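Results of the structural survey
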Amino acid sequence: MQENAKEGVAVREIPILYLVVPCYNEEEVIEKSAQVMGEKIRRLEKEGRIAGNSKIMFVNDGSRDNTLRLLHEIAAEDAMFSVVSLAGNYGHQSAILAGMMMARKYADVVITIDADLQQDIEALDKFLASYMAGSEVVYGVRNDRHSDGTFKKGTATLYYKLMHLLGSKVIANHADYRLMSKKALDALAEYKETNLFLRGLIPTMGFPSDVVYFDVKAREAGHSKYTLSKMMTLALDGITSMSIRPLRMIAVLGFIFFLFFGVVGVTVVVDWIQGNNVPGYTTSVLVSLLTGGVTLVSLGIIGEYVGKIYMETKHRPRYIIDTFVWKEDNAEEK
């Protein structure tokens, strides 16, 4: 980074950019994605926005179809493409992290983007402009959710409101389409937790950041790999990884119930002393059901946190890299 002597303002050099693209069973779209992304990188190079040795790094997250074979063929034909293949399916968040950690060894900036081409790749210009203006992190935020169904749109809105209520700094409608500088990536490498929720973790780092808005496009081919169960798991991981307010809410709820049943207990004793024994079968059943339900839900929440602690204490690797293909011009495979 150079400094303008007249104004005392830091001027950044043209960066080496690495696109990190997580892939899981993307054989139907991966060749098209490579073509579109490769053309975009070459245009950015010609326009002088990025350095000539910028690359596209695909991360194969244990795909069970022909994705890995196709990626190796793409990388063999063009040194612009590199491939990180994980030993198994570690999940979207771990695949993104693996790619970012590998790319930071070579790149000045890393942009993560999905392989399905739904995230507008033309927004890269705005990402880079924001980086050159001083941002260390730039978040891609979709303009609206018109492409989602009613159920997904409603649950997504409710989820972001819940996350904000619980104190998380997660950015609404941001789905891992982001730019991070090498400085920010080096800082992210210091975070060692196993339970990853990058959308909530990165905003807590405190680096200068910006937001770029983009339109979501129709998927080129195939279907989304984010099933309802995977979305529910990600949502739960986000809540338990970024906030302990649910535990505090249980404590407050327990105190409220303690006061309530204290009042009920005093009332019952007074009625017994006065001889006003009124049958209360319905009341007893309702109270039992309510307290039983609250107890089970509370134990479930506590159990989720205990499970997270259990996994963290094991210190297992968040991912294991099986193979890595990276070429510089016509250099041999590493």
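Per-chain numbering applies: the sequence of each chain, read as written, is numbered from 1 onward. Given that this is a predicted model, residues contribute local features only at a pLDDT of at least 70 and side-chain atom pairs are listed and counted only at 80 or more, while totals for whole chains, interfaces and linings are drawn from all residues. Here the side-chain values reflect all heavy atoms present in the structure, with hydrogen atoms and water set aside.

What follows deals with the overall build of the chain. Broken down by element type, the chain carries ten helices and ten strands. Residue burial in the chain is summarised as follows: out of 334 residues, 42% are buried. Any pair of residues with heavy atoms lying within 4.5 Å of one another is described as a contacting pair. The long-range share in the chain, meaning contacts at least 24 apart out of those at least 6 apart in sequence, stands at 81%. All accessibility values rest on the Shrake-Rupley procedure with a 1.4 Å probe; residue burial counts only the protein chains present in the view. Accessible surface, the chain: about 18000 Å² in total, of which carbon and sulfur atoms supply 58%. Helix and strand definitions here come from DSSP, where helices need a minimum of 4 consecutive H or I residues and strands a minimum of 2 consecutive E residues; each element is numbered from the N-terminal end. Only protein chains enter the calculation, and the probe is 1.4 Å; a residue is then buried if its accessible area is under 20% of its type maximum, exposed if over 50%, and partly exposed in between.

Glancing now at the packing of aromatic side chains. Any aromatic ring pair is given by two values, namely how distant the centres are and how the planes are angled relative to each other. Note on aromatic pairs: the rings of Phe, Tyr and Trp (six-membered ring only in Trp) are paired at centre separations within 6.5 Å, and the planes decide the class, stacked below 30 degrees, edge-to-face beyond 60, tilted for the rest. By the definition in use, this model includes six aromatic pairs. Summarising the aromatic geometry, the rings of F127 and Y177 are spaced 4.9 Å apart at their centres and angled 50 degrees between planes, so their arrangement reads as tilted. Note that F127 is positioned in helix α4 (residues 124-132) and Y177 in strand β8 (residues 174-181), a separation of 50 residues in sequence. Residue F127 is classed as buried on the basis of its relative accessible area of 0%. On the accessibility criterion, Y177 (0% relative accessible area) is buried. Within the aromatic cluster, the residues linked to one another by ring pairs are Y18, Y106, F324 and W326. Charge-over-ring placement is defined geometrically: NZ (Lys) or CZ (Arg) within 6 Å of the ring centre, and within 35 degrees of the ring normal. When the ring centre of Y131 is taken as origin, the NZ or CZ atom of R12, which lies over that ring, is 4.1 Å away. The ring centre of W326 lies 5.2 Å from the NZ or CZ of K55, which sits over that ring.

With that settled, the discussion passes to a nonpolar patch on the surface. Each patch groups residues whose relative accessible area exceeds 30% and which form no salt bridge, using 9 Å between like charges and 5 Å between nonpolar side chains of Val, Leu, Ile, Met, Phe, Trp and Tyr. The salt bridge definition used is simple: a Lys or Arg side-chain nitrogen within 4 Å of an Asp or Glu carboxyl oxygen. Residues L296, L299, I302 and V306 make up a contiguous nonpolar surface patch of roughly 380 Å² in combined accessible area. As for its placement among the helices and strands, L296 is situated in helix α10 (residues 281-314).

For strand β7 (residues 137-142), the tally of buried residues reaches six of six residues, placing the bulk of the element in the interior. Here β7 shows no split at all, with V137, Y139 and V141 on one side and V138, G140 and R142 on the other all buried. For two strands to pair, DSSP has to find at least two bridges joining them. Sheet analysis places β7 next to β8, joined by four bridges and oriented antiparallel. Paired with V141 across the two strands is H174, which belongs to β8. Taken together, the six bridges between β7 and strand β9 (residues 209-214) define a ladder with parallel strand orientation.

Attention shifts here to the packing of helix α1 (residues 30-46) against helix α2 (residues 67-77). Orientation of α1 relative to α2, taken along the N-to-C sense of each, is 30 degrees, at an axis distance of 10 Å. Here α2 runs roughly parallel to α1, going by the angle between their axes. Relative to α2, the crossing made by α1 is right-handed. When α1 is examined against α2, the residues I30, E31 and A34 are found in contact with a partner set consisting of L70, L71 and I74. Looking at the contact of α1 with α2 residue by residue, the classes come out as five nonpolar, no polar and one charged. Helix axes use the C-alpha atoms of the stretch in contact, all axes being lines fitted to C-alpha atoms, and the angles between their N-to-C directions lie in the range 0 to 180 degrees. Reported orientations rely on four angle classes, namely roughly parallel under 35 degrees, roughly antiparallel over 145, roughly perpendicular from 65 to 115, and oblique for the rest. For any pair of crossing helices, the crossing counts as left-handed if the nearer helix is rotated counterclockwise from the farther one by less than a right angle, and right-handed if it is rotated clockwise. Only Asp, Glu, Lys and Arg are considered charged in this grouping, and only Ala, Val, Leu, Ile, Met, Phe, Trp, Tyr, Cys and Pro are considered nonpolar; every other residue, Gly among them, is considered polar.

This part is about the pattern of salt bridges. Per the stated rule, a full pass over the model turns up 13 salt bridges. Between D120 and K217 there is a salt bridge, and its shortest N-O distance comes to 3.5 Å. Pair noted here: D120 is in the loop between β6 (109-112) and α4 and K217 is in the loop between β9 and α8 (228-242), with a separation of 97 residues, a long-range link. For K217, a relative accessible area of 41% translates into the label partly exposed. Note that R178 and D176 form a salt bridge whose closest N and O atoms lie 2.6 Å from each other. D176 matches R178 in its accessibility class, with the two residues each being buried.

A sheet is described by the order of its strands in space; here eight strands give the open sequence β9-β7-β8-β6-β3-β4-β5-β10, paired in mixed fashion. In the strand order of this sheet, the two ends are held by β9 and β10 (321-325), each with one partner. Sheet twist, expressed as the mean angle between neighbouring strand axes with direction ignored, is 20 degrees. Along the sheet, helix α3 (residues 92-103) makes contact with β3 (17-23), β4 (55-60), β5 (81-86), β6, β8 and β10, crossing β3 at roughly 155 degrees.

Everything listed here is a matter of coordinates, which is why it stays silent on function.
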